[in-house]
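# Residue-level structure breakdown
For reference, the chains in residue letters:
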Amino acid sequence: MACQDPVRRSLLLTALAAGAYLAAKPAVAEEDEPGSNERPQKGDFLVHSEGEHAGEIIKLGDLELGGPPVHAWPKDPKSSVIRKGSRLNEIVVLRLDPGELDEESRSRSANGVVAYSLICTHAGCPVSEWVKASESDRNVLKCPCHNSEFNPRESAQVVFGPAPRRLAALPLAIADDSLTVAAGFIGKVGGQPGG
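Reading the values: the criteria
- Residues numbered from 1 in each chain as written.
- Predicted model: local features only at pLDDT ≥ 70, side-chain atom pairs only at ≥ 80, totals over all residues.
- Heavy atoms only, no water.
- Buried < 20%, exposed > 50% of the residue type's maximum accessible area, 1.4 Å probe, protein only.
- Helix = DSSP H or I, 4+ residues; strand = E, 2+ residues; numbered from the N terminus.
- Pairing = 2+ DSSP bridges.
- Axes fitted to C-alpha atoms, helices over the stretch in contact; angles between N-to-C directions.
- 1 Å grid on protein atoms, 1.4 Å probe; cavity = no way out; pocket = protein on both sides within 12 Å on 5 of 7 lines; lining within 4 Å.
- Points joined across faces, edges and corners; volume = space filled by probe spheres on them.

### Some thoughts on the pairing of strand β7 (residues 148-151)
Residues S148 and F150 point to one face of β7 and E149 and N151 to the other, with burial holding for every one of them. Pairing of strand β6 (residues 139-143) with β7 involves three bridges; the strand directions are antiparallel. Residue pairing for β7: L141 is matched across the bridge by F150. Taking the residues that link successive antiparallel strands as the turn, the β6-β7 hairpin has four residues, and the phi of N147 there is positive, at about 70 degrees. Relative to strand β8 (residues 157-160), β7 is paired through three bridges, and the arrangement is antiparallel. Considered in β8, the bridge of F150 is made with V158. Between β7 and β8, which pair antiparallel and follow one another directly, the connecting turn spans five residues, one of which, S155, has a positive phi of 55 degrees.

### Structural notes on the sheet that holds β6
Note: strands within a sheet are paired through backbone hydrogen bonds, in either parallel or antiparallel orientation. Taken together, the four strands give an open sheet; going across it, the order is β5-β6-β7-β8, and neighbouring strands pair in antiparallel fashion. Only two strands of the sheet have a single partner each, and these edge strands are β5 (129-132) and β8. Across the sheet, the mean angle separating the axes of adjacent strands is 45 degrees when strand polarity is ignored.

### Some words on empty space enclosed by the protein
Per the counting criterion, the structure on display carries one cavity of 30 Å³ or more. Approximately 30 Å³ is the volume attributed to the largest cavity. Elements with a contribution of two residues or more to the lining of the largest cavity: α2 (103-108) and β4 (113-117). Per-element tally for the lining of the largest cavity: the top contributor is β4, with three residues.

Shown next, in the form of structure tokens:
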């Protein structure tokens, strides 16, 4: 039954709009926290960015040897701010056999755990798949947008597709069984303008 009184209808719509605004406000305020847009810093913890454990610190035991990868955000240990104010901060974390890593990857890993930017270097899409490589029988990180593939064992070098360069690497350390950032990103995060 439609409301026939224009004043009552206007008040009702205003109340609904105010309720929707207030419901959405905390989510916006959380992303606006000071430090949430800052790039990963040395000493930051890594926390799950999705799923039932979102926001929880990633422990070494949370990562299955050989994959699948886990998506993560850096978290400031002092302020507890999760640095999720920029999508450029999202990271893909993967536990591999240290003997499979090239020297460069091994030097940035923590007991075989490697971390790379989740943002593809081609067009900036998320690198969201863990699949058999197009040209080998080993799993690789893949961006489904334009099929670029990256080998996490060799510093996330491009092994297939149009991506012009490897994914930015994030050096890691382990503190009390928790993954932490050892240094800022190595390499440019994200894709080139226009692809």
